[in-house]
2 protein chains.
Amino acid sequence: MKKILGVLLASAFAMSAAGSPTLADPLRDAALEVFKPLPSTIPAVKNNRITPEKIDLGKALFFDPRLSASGVFSCNSCHNLATGGDDNLPTSIGHGWQRGPRNSPTVFNSVLNEAQFWDGRAADLKEQAKGPIQAGVEMANTPPVVMATIKSMPQYVDWFKKAFPGEKDPVTFDNLAKAIEAFEATLITPAPFDAFLNGDDEALTAAQKKGLALFMDKGCSACHSGVNVGGHGYYPFGVIEKPGAEILPPDDKGRYEVTKTADDEYVYRASPLRNIAVTAPYFHSGMVWDLQVAVAIMGTSQLGEELNKEEVRLITAFLESLTGTVPPVTYPVLPPETAKTPRPTSEVIKK
Amino acid sequence: MKKILGVLLASAFAMSAAGSPTLADPLRDAALEVFKPLPSTIPAVKNNRITPEKIDLGKALFFDPRLSASGVFSCNSCHNLATGGDDNLPTSIGHGWQRGPRNSPTVFNSVLNEAQFWDGRAADLKEQAKGPIQAGVEMANTPPVVMATIKSMPQYVDWFKKAFPGEKDPVTFDNLAKAIEAFEATLITPAPFDAFLNGDDEALTAAQKKGLALFMDKGCSACHSGVNVGGHGYYPFGVIEKPGAEILPPDDKGRYEVTKTADDEYVYRASPLRNIAVTAPYFHSGMVWDLQVAVAIMGTSQLGEELNKEEVRLITAFLESLTGTVPPVTYPVLPPETAKTPRPTSEVIKK
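What you see is a predicted model, and the numbers here were worked out from it, not measured in a lab. (Residues numbered from 1 in each chain as written. Chains lettered and ligands numbered in written order. Predicted model: local features only at pLDDT ≥ 70, side-chain atom pairs only at ≥ 80, totals over all residues. Heavy atoms only, no water.)

### Examining the packing of helix α2 (residues 26-34) of chain A against helix α11 (residues 206-217) of chain A
For any two helices packed against each other, one specifies the inter-axial angle together with the distance between the axes. All names here are of chain A. With their axes 11 Å apart at the nearest point, α2 and α11 run at an angle of 45 degrees to one another. On the basis of their axis angle, the class for α2 and α11 is oblique. The handedness of the crossing between α2 and α11 is left-handed. In this structure, α2 uses L27, A30, A31 and V34 to contact α11, whose residues at the interface are K209, L212, A213 and M216. By residue class, the composition of the contact of α2 with α11 is seven nonpolar, no polar and one charged. (Axes fitted to C-alpha atoms, helices over the stretch in contact; angles between N-to-C directions. Helix = DSSP H or I, 4+ residues; strand = E, 2+ residues; numbered from the N terminus. Parallel < 35°, antiparallel > 145°, perpendicular 65-115°, else oblique. Left-handed = near helix turned anticlockwise from the far one by under 90°. Contact = heavy atoms within 4.5 Å. Nonpolar A, V, L, I, M, F, W, Y, C, P; charged D, E, K, R; others polar.)

Put into structure tokens, the structure is as follows:
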């Protein structure tokens, strides 16, 4: 893959200038060996057939702040569909104004990640969805209280029955997580890069094409590849040179916490880079606000290469071509509480 | 208006049973002397011509958590369109996990209120919108930081220009508030009660019709009248008998804080009752969760009347006919931050 830049671009540019439609294109051909365009239909997920009823229920749950103990936070609070599918904070603020330990990843296209969370500790989104609901620094709730909340609202019970037809006991915490997963699976954001991969020569600017070639040439795509341009493998942060303690706090050992294997110290899932330009700040610590700075840090820490200013600019231009179109979402109207609905509590219980 | 119940209902029920469409109906006629159906078009507001561009900008701002210092709270956090236009909390939780002093009122139909806030201290929604943004216990921001935030995002600047064409300096805090007001003016929720007022005999159940007659007969409609079934006059809470200190905390003197007139101690704007059944908990203190309990308290405190269980049930049934249809709102996609965007701060500054 090394040093393909010059050869590829000469021909790519010639074709683009000529305005010819989907001819063979060496840059596209090389890219298609490494990346995949987003699918045009909702991705299937394991053990969770996606239906319109499940999607609608999942949307309601995703936006429902009553899943949190305080009644303040919904899934959408930290994975805000209006702001890139994340919260644009270094680390999220949750129950009792506590700070979460890591930067909130985007929900967009997350169904296509190999595993969920920065350390991959959840196999899929239905497993992931249960985490923040119960985390003391996030939604600080418990499955029994969540389910009492849901069961107190007849409209929700009806929606669960329709989303999980034929099940004897459809209103469960597992099904709640499955419904959320079904909605999240719809959050696919096709981007100019997909149009390019699909054959549209005009979808990327000249700078973005140069950036794409550099991204492959320099080796970024060794970790950030596939349909999500990342999100499917684990690598040490600082494989060549560890960044400073502010960016890589020594007390967060990443995947080591999951596997308890020394090799996994400071290992994280390679970030999926779709929508990266609209999801600052960067890294699991959320300590870098500028995408160009983040690209430069990746150069030194992961590639052992001091990227020059122009290279950083071009790679960043390519990354901007990963900003996709958010599917239209009609804001839900949620079932009203009843006398049986557990009351919200803002109290912080120290464990 | 007293004792019209028996006479009115006999004839109203006869007509309803006969299924006749819009004949003269004494209950409707009496109701139309006191109430008004919602308009079928967006209400005009003072000094703020409403245009599609202004509505779209206002929607983006309404949902933008970056109007708050922390980046956590948007207008929609406490006036959530998914949950009755309010937050279903006794009083709102804001910056630094602080509690606001009063229950968050619904944004739905609020454009039709005579004035805004529980004490009417804002003449209209464009004045109101500026309050929570700056309140230390809510969004804790300042107009200069808000405007620096907006101006840092070219897409917002463009939207302001389009929403306020011909203005030399369109990107102002005043215009931000006007855009929010324009969006909020679209949040009109026609309810079965409107259909009844407009001539549909079948829109209310028999119990709701009895409740409506009681609501007028007992004198509730002396304060809760007009298009919003309240929201346009100021009355002491406890005009006959003060409720307990939990419900009427002695240190919150209501409109007295605005007018500094002794007569205004514990005076509040009569609550607009549209969507009241989906906006528990009740009263400015938010200390009552059950609508029937709230109705009974109003009977003793405002009317000097111990309503019996059946009367409370019927009046509550009528109030449920005020739950309206929320207009479909497509969740916005907000402009991404830039290097110039002020960074969020979770710090609580004590004054």
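### A few points about the nonpolar core
Ranked by internal contacts, the top residues of the largest apolar core, which has 100 residues, are L176 of chain A together with L176 of chain B. Listing elements by their share of this core, those giving two or more residues are α3 (52-62), α7 (143-151), α8 (154-163) and α9 (173-185) of chain A together with α3 (52-62), α7 (143-151), α8 (154-163) and α9 (173-185) of chain B. Among all residues touching L176 of chain B, those that are not within four sequence positions of it are L61, L67, I133, V146, M147, I150 and F160 of chain B. (Core = buried A, V, L, I, M, F, W, Y, C linked by side-chain atoms within 4.5 Å. Buried < 20%, exposed > 50% of the residue type's maximum accessible area, 1.4 Å probe, protein only.)

### A closer look at unusual backbone geometry
A cis geometry characterises the amide bond from A280 of chain A onward to P281 of chain A, with omega recorded as -5 degrees. Residue placement: P281 of chain A occurs in the loop between β4 (267-269) and α13 (291-303). Of note, N275 of chain B is a non-glycine position whose phi angle comes to about 65 degrees, a positive value. If you trace the backbone, N275 of chain B turns up in the loop between β4 (267-269) and α13 (291-303). Overall, the relative accessible area of 2% leaves N275 of chain B in the buried class.

### Section: the relation of the copies chain A and chain B
Expressed as a screw operation, the relation of chain A to chain B combines 0.0 Å of axial shift with a rotation of 180 degrees, fitting to an RMSD of 0.0 Å. Within this description, the copies of the chain are treated as partners about a two-fold rotation axis. For chain A, the minimum C-alpha distance to the rotation axis belongs to T330 of chain A and amounts to 2.2 Å. In this assembly, 100% of the residues forming the interface of chain A have copies in chain B that are likewise at the interface, indicating an isologous arrangement. (Least-squares fit on C-alpha atoms with pLDDT ≥ 70 in both.)

### Side note on helix α11 (residues 206-217) of chain B
Residues and elements named next belong to chain B. An ideal rise of 1.5 Å per residue puts 16 Å on 12 residues; α11 measures up with 16 Å between its terminal C-alpha atoms. Of all 12 residues that make up α11, nine are buried, and the element is covered over most of its length. Restricting attention to buried positions, one finds in α11 the residues Q208, K209, G211, L212, A213, L214, F215, M216 and D217. Just past α11, the residue G219 takes up positive phi, approximately 105 degrees. (Expected span 1.5 Å × (residues − 1).)

### Topic: the environment of R102 of chain A
Residues and elements named next belong to chain A. The topology assignment puts R102 in the loop between β2 (98-99) and α5 (125-128). Under the relative-accessibility criterion, R102 is labelled buried at 15%. A sequence separation of 12 residues divides R102 from P90, and the C-alpha atoms of the two residues are 7.6 Å apart. The residues contacting R102, other than those within four sequence positions of it, are P90, T91, S92, W118, D119, R121, D252, G254, E257, Y268 and H284.

### Section: the packing of α11 of chain B against helix α14 (residues 309-320) of chain B
Residues and elements named next belong to chain B. Taken N-terminus to C-terminus, the directions of α11 and α14 make an angle of 105 degrees; their axes are 7 Å apart at the nearest point. In terms of their interaxial angle, α11 and α14 are classed as roughly perpendicular. Listed contacts from α14 to A207, Q208, K210, G211, L212, L214 and F215 of α11 are E311, L314, I315, A317, F318, L319 and E320. Taken together, the residues of the contact of α11 with α14 break down into nine nonpolar, two polar and three charged.

### Regarding α9 of chain B
All names here are of chain B. Here α9 spans 18 Å end to end across 13 residues, near enough to the 18 Å set by a 1.5 Å rise per residue. Of all 13 residues in α9, 11 are buried; the element is thus mostly enclosed. Elements that come into contact with the buried residues of α9 comprise α3, α4 (75-78), α5 (125-128), α6 (130-134), α7 and α8.

### Notes on the interface of chain A and chain B
Facing the 35 residues of chain A at the interface are 36 residues of chain B. Carbon and sulfur atoms make up 67% of the surface buried where chain A meets chain B, a total of about 3000 Å² over both sides. Per-residue buried area on chain A facing chain B is highest for A82, W97 and Y331 of chain A; these three make up 25% of the total on that side. Remark: the boundary between chain A and chain B carries zero salt bridges. Here chain A and chain B share 14 residue pairs in polar contact (both at pLDDT 80 or more) between them. Of the residues in the side of chain A that touches chain B, the class split is 20 nonpolar, 11 polar and four charged. (Buried area = accessible area lost by both parts, 1.4 Å probe. Salt bridge = Lys/Arg side-chain N within 4 Å of Asp/Glu carboxyl O. Polar contact = N/O pair within 3.5 Å; in protein donor to acceptor, adjacent residues only side chain to side chain.)

### So, the UniProt feature "binding site: heme c 1" (unreviewed entry) in chain A
Residue and element names in this part refer to chain A. When the UniProt feature table is mapped onto this chain numbering, "binding site: heme c 1" (unreviewed entry) sits at C75, C78, H79 and H95. Mapped onto the elements of the fold, C78 is located in helix α4 (residues 75-78). C78 sits in the buried class, given a relative accessible area of 15%. If sequence neighbours within four positions are ignored, C78 has contacts with G85, D86, D87, S92 and S104. If you trace the backbone, H95 turns up in the loop between β1 (93-94) and β2. (UniProt positions renumbered as here; feature names shortened; annotations may be inferred.)

### A short note on the pattern of salt bridges
Residue and element names in this part refer to chain A. Enumeration over the complete set of coordinates arrives at 32 salt bridges over all chains. Between R121 and D119 there is a salt bridge whose closest N-O contact spans 3.1 Å. The class of R121 is partly exposed, set by a relative accessible area of 43%. Classification of D119 as buried rests on a relative accessible area of 3%. A salt bridge links K162 to D158; the nearest nitrogen and oxygen atoms lie 3.0 Å apart. Note that K162 and D158 are positioned in helix α8 at a spacing of four residues, about one turn of the helix. What emerges from the salt-bridge pattern is a single network uniting R102, D119, R121 and D252.

### Topic: the side chain of D64 of chain B
Along the chain, the position of D64 of chain B falls in the loop between α3 and α4. Residue classification places D64 of chain B among the buried residues on the basis of a relative accessible area of 1%.

### Brief notes about the domain arrangement of chain A
All names here are of chain A. Assigned domains of chain A: these are domain 1 (26-40 + 189-321) and domain 2 (52-185). Domain 1 and domain 2 are separated by 27 Å when their C-alpha centres are compared. The interface is formed by 29 residues belonging to domain 1 together with 24 residues belonging to domain 2. Between domain 1 and domain 2, the buried area comes to about 2000 Å², and carbon and sulfur atoms account for 51% of it. (Domains from an automatic or database assignment.)

### Focus: the packing of aromatic side chains
The description of an aromatic ring pair uses the distance of the two centres, along with the angle that the planes make with each other. Within this structure, the stated rule accounts for 29 aromatic pairs over all chains. The interplanar angle of 55 degrees and the centroid separation of 6.5 Å between the aromatic rings of F63 of chain A and F183 of chain A together place this pair among those described as tilted. Taken together, the residues span a long stretch of sequence, with F63 of chain A in the loop between α3 and α4 and F183 of chain A in helix α9 at a distance of 120 residues. Across this residue pair, the class does not change: F63 of chain A and F183 of chain A are buried. Relative to F318 of chain A, the ring of F215 of chain A has its centre 5.1 Å away and its plane inclined at 55 degrees; by these criteria the two rings are tilted. Note that F215 of chain A is positioned in helix α11 and F318 of chain A in helix α14 (residues 309-320), a separation of 103 residues in sequence. Through pairs of rings, three or more aromatic residues link up here, namely F62, F63, F183 and Y331 of chain A together with F62, F63, F183 and Y331 of chain B. Residue placement shows R255 of chain A over the ring face of Y234 of chain A; its charged tip is 3.8 Å from the ring centre. Over the ring of Y256 of chain B we find K253 of chain B; its NZ or CZ atom is 5.8 Å from the centre of that ring. (Phe/Tyr/Trp six-rings, centres within 6.5 Å; stacked < 30°, edge-to-face > 60°. Lys NZ or Arg CZ within 6 Å of the ring centre and 35° of its normal.)

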